[in-house]
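Per-entry structural report
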Number of protein chains: 2
Amino acid sequence: MQVCRTINEIREFTDRARTVRKTVGLVPTMGYFHEGHLNLMREAKKICDCVVVSLYVNPLQFGPREDLAEYPRDFERDCALAESVGVDAIFAPDDDEMYPAGYNSYVEVSGITDKLCGLSRPGHFRGVTTVVTKLFNIVRPDQAFFGQKDAQQAMVIEKMVRDLNMNLEIITLPIVREADGLAMSSRNVYLSEEQRRAAPVLYRSLCAFKAAVDSGERDVAKLRRGIEEMILSAPGAQIDYIEILSVPDLETVNTLTGKCIAALAVRFGKTRLIDNMVVEV
Amino acid sequence: MQVCRTINEIREFTDRARTVRKTVGLVPTMGYFHEGHLNLMREAKKICDCVVVSLYVNPLQFGPREDLAEYPRDFERDCALAESVGVDAIFAPDDDEMYPAGYNSYVEVSGITDKLCGLSRPGHFRGVTTVVTKLFNIVRPDQAFFGQKDAQQAMVIEKMVRDLNMNLEIITLPIVREADGLAMSSRNVYLSEEQRRAAPVLYRSLCAFKAAVDSGERDVAKLRRGIEEMILSAPGAQIDYIEILSVPDLETVNTLTGKCIAALAVRFGKTRLIDNMVVEV
């Protein structure tokens, strides 16, 4: 596995792959890999001849009061894990390489970024779409792989690719969970023992939501209240948002119909966790 | 010469060219061709195996009180002219093809778009960078060709390409002028006979500016006043802006140093003309 620190290095690497007609897959990450990341890499290896994993904690998608400085990092361990699942190259640039002095160009998707995490993290998705555009232009993948845990991110990127006529396919893979249902996240390491014990309530509340939908409940206010009550019963849980919206436009709905997503962000102490469940009726 | 109305058609055309290892050049235009456009196409033919001209009056770069509806069009004549200089394909989509219902993604360059035309035409450059990004992704050219008449546009696009790591080279070609010095522009057809007689004052004022610089004048306020006085002496000329700024950052300068641009926008009646001159000391 090759480790590339500069844009030129990774470009040369993928250019060589394309010259011998290999397809290229990209898994954009911020590192500190868990089973969710490794699942994306394994799937990428099944579909693409050559898999590039980008590992870059993108400052542009963090707000001024967010956890950029404390974001967990373990580069050696990440490289070993990526290599163990057959990744061909890691692209791990520094900030000067990605945003040199005078940097001033941005990609923005309006509309669906005004909801959910876009509302509680202003500027977050502009940071995501900008860095992802750069990574797509640098690596030029045939497919790029994202996780359904960041459901809104995946929808925003799919919309950007469609609107701006980008030449690749976005593949979104299901959430990978711990045995007790907690969605895997690099941020789970922030949780105290007590918070960790409480956190699976997010998934339980989403399963109860799905069960209610399956038994015929269509009243969105009532379904939302069900999730809320269950989460508030957990010690230390502070709700950032709980929303039930249409997919893929993320419009408000009063009566559940078609494809919808229940999405939530909940804080345990300083740690903000997200989870979601898509249902179709 | 092939005329493509859809994104799929032009993609197939350029994919075929790339398959046989032809290089692809793109000349983005809004049509109503003059010698300036034809010069871009001829230069593109010298450098690239296959030249695509996009012909699209992009509504996103026009303000609500601007001349979108009246922008001059003559598709048959444009096709004949493009074919006469060896263009391989015209890409002429309609608005639904470029901005389908629900369209919501934008590319923006900050900083250098706050000056000159960016100030007098808010949102203009966001429209330009968005449509140009789409055209680059659709056509995937090796080189794209722009005219120095829209000097700020060329700088904004070069900055966008560099910042977002786009995979192509931007080539900017000198202004093509009428015999009396008026910069060629599709908007020149709007001018009355009297306005047309007055309009070459723009170029004369820029030549006087250059002559003053050549004879050692470095006081930017004085140089600017020289341009202003000459233009105001012409009947019907209303100044939108006259600026002398550094290149390529478009910063304000008090004393002329290094590479600078004198850029101006002047109205004759409803018609807004632009011109510029780059000097290096």
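Note that the structure is predicted; figures quoted are calculated from it, not measured. (Residues numbered from 1 in each chain as written. Chains lettered and ligands numbered in written order. Predicted model: local features only at pLDDT ≥ 70, side-chain atom pairs only at ≥ 80, totals over all residues. Heavy atoms only, no water.)

**A look at the sheet that holds strand 2 (residues 24-29) of chain B**
Residues and elements named next belong to chain B. Heads up, the condition is: Two strands are counted as paired when DSSP detects at least two bridges linking them. Starting at the N terminus, helices and strands are each numbered in turn, a helix being any DSSP run of H or I of at least four residues and a strand any DSSP run of E of at least two. Axis definition: a line fit to C-alpha positions, over the contact stretch in the case of helices; interaxial angles, taken between N-to-C directions, run 0 to 180 degrees. It only takes one pair of heavy atoms within 4.5 Å for two residues to be counted as in contact.
Spatially, the six strands line up as an open sheet ordered 1-4-3-2-6-7, and their pairing is parallel. Looking at strand neighbours, the two that pair on one side only are strand 1 (2-4) and strand 7 (169-173), the edges of this open sheet. Here the strands of the sheet are splayed against their neighbours by 25 degrees on average, with no regard to which way each runs. Across two bridges, strand 2 lies against strand 6 (residues 143-147) in parallel orientation. The residue of strand 6 that forms the bridge with Gly-25 is Gln-143. Sheet strands touched by helix 6 (residues 124-139): strand 2, strand 3 (50-55), strand 4 (89-91), strand 6 and strand 7. Its angle to strand 2, the strand with the most contacts, is close to 150 degrees.

**Examining unusual backbone geometry**
The phi torsion of most residues other than glycine is negative, and most of the peptide bonds are trans. Residue and element names in this part refer to chain A. Using the following cut-off: Using a 1.4 Å probe on the protein chains alone, a residue whose accessible area is under 20% of its type maximum counts as buried, one over 50% counts as exposed, and one in between counts as partly exposed.
In this structure, Pro-248 follows Val-247 across a cis peptide bond, with omega equal to 5 degrees. Despite not being glycine, Asn-165 shows a phi value in the positive range, around 60 degrees. Among the secondary structure elements, Asn-165 is positioned in the loop between helix 7 (151-163) and strand 7 (169-173). Residue classification places Asn-165 among the buried residues on the basis of a relative accessible area of 9%.

**A look at the interface of chain A and chain B**
Here is the rule: A simple way to read buried area is as the amount of 1.4 Å-probe accessible surface that goes missing from two parts once joined, with both sides added. The term salt bridge refers to a side-chain nitrogen of Lys or Arg lying within 4 Å of a carboxyl oxygen of Asp or Glu. N or O atoms within 3.5 Å of each other form a polar contact, as long as, within protein, one can give a hydrogen and the other can take it, and as long as residues adjacent in sequence are counted only when both atoms are side-chain atoms. Polarity classes work like this: nonpolar for Ala, Val, Leu, Ile, Met, Phe, Trp, Tyr, Cys and Pro, charged for Asp, Glu, Lys and Arg, and polar for all others, with Gly in that last group.
Each partner contributes to the interface: chain A provides 26 residues, whereas chain B provides 26 residues. Between chain A and chain B, the buried area comes to about 2,200 Å², and carbon and sulfur atoms account for 39% of it. By the criterion of area lost to chain B, the three top residues of chain A are Leu-164, Asn-165 and Asn-167 of chain A, representing 26% of everything that side buries. Scanning the region where chain A abuts chain B turns up zero salt bridges. Between the two partners, chain A and chain B, sit 22 residue pairs in polar contact (both at pLDDT 80 or more). Looking at the side of chain A that touches chain B, the elements with two or more residues in it are helix 1 (7-19), strand 5 (105-109), helix 6 (124-139) and helix 7 of chain A. Per-element accounting of the side of chain A that touches chain B gives the leading share, six residues, to helix 6 of chain A. For the side of chain A that touches chain B, the per-class residue count stands at nine nonpolar, ten polar and seven charged. Here strand 5 of chain A pairs with strand 5 (residues 105-109) of chain B via five bridges, running antiparallel.

**Some thoughts on the sheet that holds strand 10 (residues 271-280) of chain B**
Residue and element names in this part refer to chain B. The sheet built from three strands is open, its strands ordered 8-9-10 with antiparallel pairing. Of all the strands in the sheet, just strand 8 (237-246) and strand 10 have a single pairing partner and so form its edges. For this sheet, the mean inter-axis angle between neighbouring strands, taken without regard to orientation, is 15 degrees. Direction of pairing for strand 9 (residues 259-268) relative to strand 10: antiparallel, over a ladder of ten bridges. Directly across from Leu-264, in strand 10, lies its bridge partner Asp-275. Strands in contact with helix 9 (residues 201-214) are strand 8, strand 9 and strand 10; relative to strand 10, the strand with the most contacts, it is inclined by about 15 degrees. Against the sheet, helix 10 (residues 220-232) makes contact with strand 8 and strand 9, and its axis sits at roughly 155 degrees relative to strand 8, the strand it touches most.

**Observations concerning the domain arrangement of chain A**
Residue and element names in this part refer to chain A. Test applied: All domain edges in this entry derive from an automatic or database-based domain assignment.
When its domains are assigned, chain A resolves into domain 1 (2-173) and domain 2 (188-280). Here the C-alpha centre of domain 2 lies 26 Å away from the C-alpha centre of domain 1. The partner domain 2 presents 17 residues to the 17 residues of domain 1 that form the contact. Carbon and sulfur atoms make up 65% of the area that domain 1 and domain 2 hide from each other, which totals about 1,400 Å². Run the count over domain 1 and domain 2 and you get seven residue pairs in polar contact (both at pLDDT 80 or more).

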